[in-house]
Amino acid sequence: MDDHTGGLPRIPASFFGIVLGLIGWGNCWRAAHEIWGLPSAVGEAMMFAGSLVWAVLIVLFAGKWLSARAEALAEARHAVNCCFIGLVGVATMLVAIAAHPYAASPALALFLLGAAFTLAFGLWRTGVLWQGGRDPAATTPVLYLPTVAGSYVTAIGCAAFGFPDWGRFALGVGVLSWFAIESVLLHRLYTSPEMPAPLRPVLGIQLAPPTVGAAAYLSVTSGPPDVIIYGLIGYGLIQLLLLARLLPWIFAGGVTASMWGFSFGLTALATAMVRLVGRGDVGPVATLAPAVFALVSAALTTMVLRTIWLLLAGRLLPPPAVAPSVPPAA
């Protein structure tokens with residue numbers, strides 16, 4: 001199949017994960033600037049880069065729906081790929097958060113637009129899931145994206161724009177959705193056949209629920225660290241170690257743009273730990289935070305360089321994912 005629509009590449013919705021990684025990295029540097037005095041220009045440059053990538057992807061993604069509607073609908077009906085569409089709203093909210101210090105009113109309007117898309121898509125996708133009829137092989141961490149990731153970023157954005165009470169509602173949705181989905185996902189991983197190699201990189205998303213949840217929790221609360229935030233960080237760290245142990249298996253099919261599935265969880269972990277230091281932590285988190293920050297910066301630098309290489313080599317666009325499709329549902 002031709003990979004272009006009217007001369008423009010037909011990008012998958014999963015590419016919006018690049019925006020999550022870049023802006024998440026920028027937010028991490030914003031925290032490091034506030035707490036450790038690191039250069040603010042680095043974080044702002046990352047935020048700007050993420051916003052530029054978002055603008056390009058929005059145009060390309062809209063172009064696919066206008067000029068290659070059958071392909072766009074096939075993605076929306078795909079049992080795995082459809083969940084990535086939720087990243088459109090999540091990425092839009094993150095761009096709004098990045099822009100908030102510079103243009104508060106336009107940023108708020110953009111945030112509300114992203115939040116509305118996130119809510120609508122989450123309700124649609126969850127409604128499809130409730131109707132059943134799915135192949136267990138299609139159960140992967142992408143299920144977190146519409147409700148868990150969407151709710152967490154909604155919570156972070158609500159706090160940033162001065163509505164922390166609404167953010168606490170969103171945090172609750174994200175946490176309880178995470179618990180429910182993780183039980184289903186772990187059952188699939190423990191009891192079903194091995195995940196095909198092209199799908200394995202989505203396991204990087206497994207890092208995000210506890211770590212982005214920690215960032216969201218810190219956004220809508222105040223005061224010294226408590227047992228909840230330490231529990232979220234602890235679970236995030238053990239997920240990181242588990243994923244590190246599985247890296248050769250996860251990337252057995254090669255390191256492609258799917259590596260960005262790790263990025264949002266990684267940057268959120270570093271951000272939450274740095275902000276905990278700012279909240280007064282002087283224990284293990286304060287000891288580990290600089291090392292985690294350095295590790296995440298190295299990982300994101302590697303992802304950026306690898307992505308540029310894939311782009312120049314003409315290998316950035318992925319092949320179709322190995323997963324079953326589902327028929328359209330109400």
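Residues numbered from 1 in each chain as written. Predicted model: local features only at pLDDT ≥ 70, side-chain atom pairs only at ≥ 80, totals over all residues. Heavy atoms only, no water.

## A few points about the overall build of the chain
And step 1. Check the secondary structure of the chain and you find eleven helices and two strands.
And step 2. Overall, the chain shows an N-to-C arrangement of helices and strands of β-β-α-α-α-α-α-α-α-α-α-α-α.
And step 3. Over its C-alpha atoms the chain spans a radius of gyration of 19 Å, differing by no more than 12% from the 20 Å that the globule rule assigns to 330 residues.
And step 4. Taking the principal axes of its C-alpha atoms as reference, the chain extends roughly 55 × 45 × 40 Å.
And step 5. At a minimum sequence separation of 6, the contacts of the chain that also span at least 24 residues come to 78%.
And step 6. Surface summary for the chain: the accessible area is close to 14600 Å², and the carbon and sulfur share equals 72%.
And step 7. Across the chain, the centroid of the 15 positively charged side chains sits 4 Å from that of the 12 negatively charged ones. (Helix = DSSP H or I, 4+ residues; strand = E, 2+ residues; numbered from the N terminus. Rg over C-alpha atoms; globule rule 2.2 N^0.38 Å. Contact = heavy atoms within 4.5 Å. Areas by Shrake-Rupley, 256 points an atom, 1.4 Å probe, with all protein chains shown as cover. Lys, Arg positive; Asp, Glu negative; His and termini not counted. Charge placed at Lys NZ, Arg CZ, Asp CG, Glu CD.)

## A word on the UniProt feature "transmembrane region" (unreviewed entry) in the chain
And step 1. The UniProt record annotates "transmembrane region" (unreviewed entry) at residues 7-25, 45-67, 79-102, 108-130, 142-163, 227-247, 259-278 and 290-312.
And step 2. Strand forms 0% of residues 79-102 and helix 58%; the C-alpha atoms that close the span are 39 Å apart.
And step 3. Between the first and last C-alpha atoms of residues 290-312 the distance is 33 Å; the span itself is 100% helix and 0% strand. (UniProt positions renumbered as here; feature names shortened; annotations may be inferred.)

## Looking at helix H3 (residues 69-77)
And step 1. Those residues of H3 lying buried are Ala-72, Glu-75 and Ala-76. The buried side chains of H3 occupy one side of the element, clustering within an arc of 100° when seen end-on.
And step 2. Tucked into the core, H3 has its buried residues touching helix H2 (40-67) and helix H5 (104-130). (Buried < 20%, exposed > 50% of the residue type's maximum accessible area, 1.4 Å probe, protein only. Arc of directions from axis to C-beta.)

## Focus on helix H11 (residues 284-312)
And step 1. If you check H11, its first and last C-alpha atoms are 42 Å apart, about what 29 residues at 1.5 Å a residue would give, namely 42 Å.
And step 2. Contacts made by the buried residues of H11 are with helix H1 (16-36), helix H9 (227-250) and helix H10 (263-278).
And step 3. Two residues or fewer after H11 comes Gly-314, characterised by a positive phi angle close to 70°. (Expected span 1.5 Å × (residues − 1).)

## Some details on the nonpolar core
And step 1. Counting 103 residues, the largest nonpolar core has Phe-16, Phe-84, Leu-94, Val-142 and Ile-233 as the members making the most contacts within it.
And step 2. Counting residues per element, this core draws most heavily on H1, at eleven residues. (Core = buried A, V, L, I, M, F, W, Y, C linked by side-chain atoms within 4.5 Å.)

## Observations regarding a nonpolar patch on the surface
And step 1. Taken together, the side chains of Phe-163, Trp-166 and Phe-169 present a nonpolar region at the surface, about 400 Å² in accessible area.
And step 2. Take Phe-163: it is sitting in the loop between helix H6 (144-160) and helix H7 (164-191).
And step 3. A relative accessible area of 37% means that Phe-163 is categorised as partly exposed. (Patch = residues over 30% accessible without salt bridge, like charges linked within 9 Å, V, L, I, M, F, W, Y side chains within 5 Å. Salt bridge = Lys/Arg side-chain N within 4 Å of Asp/Glu carboxyl O.)

## Description of the packing of aromatic side chains
And step 1. Going through the model one piece at a time under the given rule, you end up with ten aromatic pairs.
And step 2. Look at Phe-16 and Phe-61: their rings are 5.8 Å apart centre to centre, the planes differ by 90°, and that puts the pair in the edge-to-face class. Here Phe-16 is found in helix H1, whereas its partner Phe-61 is found in helix H2, with 45 residues between them in sequence.
And step 3. Taken together through their ring pairs, the aromatic side chains of Trp-29, Trp-36 and Phe-293 make up a single cluster. (Phe/Tyr/Trp six-rings, centres within 6.5 Å; stacked < 30°, edge-to-face > 60°.)

## Some remarks on the packing of helix H4 (residues 86-99) against H6
And step 1. Contact pair H4 / H6: the axes reach a minimum separation of 9 Å and the direction vectors enclose 15°. By the angle class used here, H4 and H6 are roughly parallel. Viewed along their axes, H4 and H6 form a crossing whose handedness is left-handed. Between H4 and H6, the contacting residues are Leu-87, Val-90, Met-93, Leu-94 and Ile-97 on the first element and Leu-145, Ala-149, Gly-150, Val-153, Thr-154, Ile-156 and Gly-157 on the second. (Axes fitted to C-alpha atoms, helices over the stretch in contact; angles between N-to-C directions. Parallel < 35°, antiparallel > 145°, perpendicular 65-115°, else oblique. Left-handed = near helix turned anticlockwise from the far one by under 90°.)

## Let's talk about the pattern of salt bridges
A side chain of one charge can pair with a side chain of the opposite charge when the charged atoms of the two come close.
And step 1. For the structure on display, the rule yields six salt bridges.
And step 2. The salt bridge partner of Glu-71 is Arg-10, with a shortest N-O separation of 2.7 Å. Separated by 61 residues along the polypeptide, Glu-71 in helix H3 and Arg-10 in the loop between strand E2 (8-9) and H1 bring together distant segments of the chain.
And step 3. Its relative accessible area of 23% is what places Glu-71 among the partly exposed residues.
And step 4. Among the salt bridges present, the one from Arg-200 reaches Glu-194, with a minimum N-O distance of 3.1 Å.
And step 5. On the basis of relative accessibility, which here comes to 9%, the residue Arg-200 falls in the buried class.

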